[in-house]
Amino acid sequence: MKYAYAAVFTPEENRMFSVNFPDLQGCFTSGDDIADAVYMAQDALCLTLYDLEQDKKPIPQASSLCDVKTAGREFASVIAVDTETYRRFYENKPVKKPHAIPM
């Protein structure tokens with residue numbers, strides 16, 4: 001499935017950013033700079049949604065970016081992910097099987 005959720009980026013010390021998703025309880029991450037924060041936000045969002053899908057739990061409705069509240073230097077942006085791509089990548093990894101040594 002393809003999803004898009006609003007993320008709130010909070011500038012921290014040393015150019016770092018904290019990121020949280022107001023619509024998804026417990027979905028947060030951080031990055032060393034804005035590019036890293038966006039990358040980490042995509043990963044955290046995709047993993048959270050993938051886990052909800054796997055556990056057959058309801059997927060929360062995404063808020064409109066206009067409805068997301070920010071304070072101070074925070075800003076909101078939309079993060080988009082595709083859990084099918086994530087699923088194909090992680091579920092198709094080769095499995096290392098032990099080999100029997102003939103005697």
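Residues numbered from 1 in each chain as written. Predicted model: local features only at pLDDT ≥ 70, side-chain atom pairs only at ≥ 80, totals over all residues. Heavy atoms only, no water.

K.L.:
Would you take a moment to explain unusual backbone geometry for this structure?
P.N.:
In terms of backbone geometry, most residues other than glycine have negative phi values and most peptide bonds are trans. Despite not being glycine, asparagine 14 shows a phi value in the positive range, around 60°. The residue asparagine 14 is located in the loop between strand S1 (2-11) and strand S2 (17-20) in this model. Classification of asparagine 14 by relative accessible area gives exposed; the value is 68%. In this model, arginine 15 sits at a positive phi of 70°, which is unusual for a non-glycine residue. Examined against the element boundaries, arginine 15 turns out to sit in the loop between S1 and S2. Given a relative accessible area of 62%, arginine 15 falls into the exposed group. (Helix = DSSP H or I, 4+ residues; strand = E, 2+ residues; numbered from the N terminus. Buried < 20%, exposed > 50% of the residue type's maximum accessible area, 1.4 Å probe, protein only.)

K.L.:
In this structure, what is going on with helix H1 (residues 34-54)? I would like to understand it.
P.N.:
Counted at 1.5 Å a residue, the expected span for H1 with its 21 residues is 30 Å, and the 30 Å between its end C-alpha atoms agrees. Those residues of H1 lying buried are Ala37, Ala41, Ala44, Leu45, Cys46, Leu49, Tyr50, Leu52 and Glu53. Of the surrounding secondary structure, the elements contacted by the buried residues of H1 are S1, S2, strand S3 (28-31), strand S4 (75-82) and helix H2 (83-91). Of the residues one or two after H1, lysine 56 is the one with positive phi, at around 55°. (Expected span 1.5 Å × (residues − 1). Contact = heavy atoms within 4.5 Å.)

K.L.:
Would you take a moment to explain the sheet that holds S4 for this structure?
P.N.:
Strand pairing in a sheet relies on backbone hydrogen bonds, with the paired strands running either antiparallel or parallel. Judged by pairing direction, the sheet is antiparallel, and its 4 strands sit side by side in the order S3-S2-S1-S4 without closing on themselves. Each end of this open sheet is capped by a strand with a single partner; those strands are S3 and S4. Pairwise comparison of adjacent strand axes, ignoring direction, gives a mean angle of 30° for this sheet. Note that S1 and S4 share 8 bridges and pair antiparallel. In the sheet register, tyrosine 5 faces S4, and the bridge partner there is isoleucine 79. Packed on one face of the sheet, H1 meets S1, S2, S3 and S4 and runs near 55° to S4. (Pairing = 2+ DSSP bridges. Axes fitted to C-alpha atoms, helices over the stretch in contact; angles between N-to-C directions.)

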